[in-house]
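Observations on the three-dimensional arrangement
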Amino acid sequence: MAAAAEGPSEAGAQPAKQDPAIETAEEAKEPAEADINELCKDMFSKMATYLTGELTATSEDYKLLENMNKLTSLKYLEMKDIAINISRNLKDLNQKYADLQPYLEQIDLIEEQVAALEQAAYKLDAYSKKLGNYHPPLLRPGSIVPCKRIKKE
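Model, not experiment: these values are computed from the prediction. (Residues numbered from 1 in each chain as written. Predicted model: local features only at pLDDT ≥ 70, side-chain atom pairs only at ≥ 80, totals over all residues. Heavy atoms only, no water.)

Remarks on the overall build of the protein chain
Along the protein chain, the regular secondary structure elements total two helices and zero strands. Looking at the protein chain as a whole, 0% of its 153 residues are labelled buried. When the accessible surface of the protein chain is split by element, carbon and sulfur atoms take 61% of a total near 15600 Å². (Helix = DSSP H or I, 4+ residues; strand = E, 2+ residues; numbered from the N terminus. Buried < 20%, exposed > 50% of the residue type's maximum accessible area, 1.4 Å probe, protein only. Areas by Shrake-Rupley, 256 points an atom, 1.4 Å probe, with all protein chains shown as cover.)

Given below as C-alpha cells:
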C-alpha cells in the first residue's frame, strides 16, 4: 500500500502534469547589484525627502506657536496697562467720593430738616385753617356793640 500511495516508481522519471490549483515555487533570484544600489539610493532619497518634509512641518508649527506666544504676550501687556489705568481711575474716584462724603452728609441732614420743616408747615397750615373757621363770641357778626363817644369839652 505504501507503494500505491507513492505512485508508480516511474512517475518520478516522467514530468508531472501541472494542476492549475497547485502553485509551484520558483527560485528567488537576487536582482543585479546595480539594481540594488539604485533602489537603495532611491529609497534613501525618498526617505530623506519625507523626513525633511516632516521636520519642516514641525519647524513651521513651532514658529507658528512662537508667533502666537508673542502676540499673546503683547495682548496681556495691553490688558495689564488697561487694568492699571482702571485701578488708578478707581482710586481717584474713591478719593473724590471720600472728599464729597462730608457734603453728602450735610445734604442728608438738610433733607431731614426740610422734611421736619415740611411737617411743621403742614401742621401750622392745618391749625391756621382751624383758626380761620373759629369765631370767638365777641367777634361774631352782630355781637359787636358800638362804643359811646365821649364829647370833648
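Considerations on the pattern of salt bridges
Counted by the stated rule, this structure contains five salt bridges. D42 is the salt-bridge partner of K46, the closest N and O atoms lying 3.4 Å from each other. A residue pair is termed a helical-turn pair when its members lie 3 or 4 positions apart in one helix, as K46 and D42 do in helix 2 (residues 33-133) at four residues. Judged by relative accessible area, which is 54%, K46 ranks as exposed. Given a relative accessible area of 35%, D42 falls into the partly exposed group. With its nearest N and O atoms 4.0 Å apart, the salt bridge here joins E60 to K63. You can see E60 and its partner K63 sitting in helix 2, three residues apart, about one turn around the helix. Classification of E60 by relative accessible area gives partly exposed; the value is 43%. The exposure class assigned to K63 is partly exposed, which follows from its relative accessible area of 45%. (Salt bridge = Lys/Arg side-chain N within 4 Å of Asp/Glu carboxyl O.)

Focus: a negative patch on the surface
There is a patch of like negative charges on the surface, built from E105, D108, E111 and E112. Looking at the element boundaries, E111 is found in helix 2. Taking the relative accessible area as the measure of exposure, E111 reaches 54% and is therefore exposed. (Patch = residues over 30% accessible without salt bridge, like charges linked within 9 Å, V, L, I, M, F, W, Y side chains within 5 Å. Lys, Arg positive; Asp, Glu negative; His and termini not counted. Charge placed at Lys NZ, Arg CZ, Asp CG, Glu CD.)

Observations regarding a nonpolar patch on the surface
A contiguous nonpolar patch, built from Y97, L100, Y103, L104 and I107 and spanning about 520 Å² of accessible area, is present on the exposed surface. A relative accessible area of 33% places L104 in the partly exposed class.

So, helix 2
For helix 2, with 101 residues, the first-to-last C-alpha span of 139 Å sits near the 150 Å given by 1.5 Å per residue. At Q101, helix 2 shows its maximal bend, which comes to roughly 40 degrees, and the proline P102 appears one to four places after that position. (Expected span 1.5 Å × (residues − 1). Bend = angle between axes of the 7 residues up to and from the residue.)

Observations concerning the confidence of the model for the protein chain
Confidence along the protein chain averages 82 in pLDDT terms, with 71% of residues attaining 70 or more. Throughout residues 1-13 the model reports pLDDT below 50, and contacts reaching past four residues in sequence, or to other chains, amount to zero contacts. (pLDDT = per-residue confidence, 0-100. Contact = heavy atoms within 4.5 Å.)

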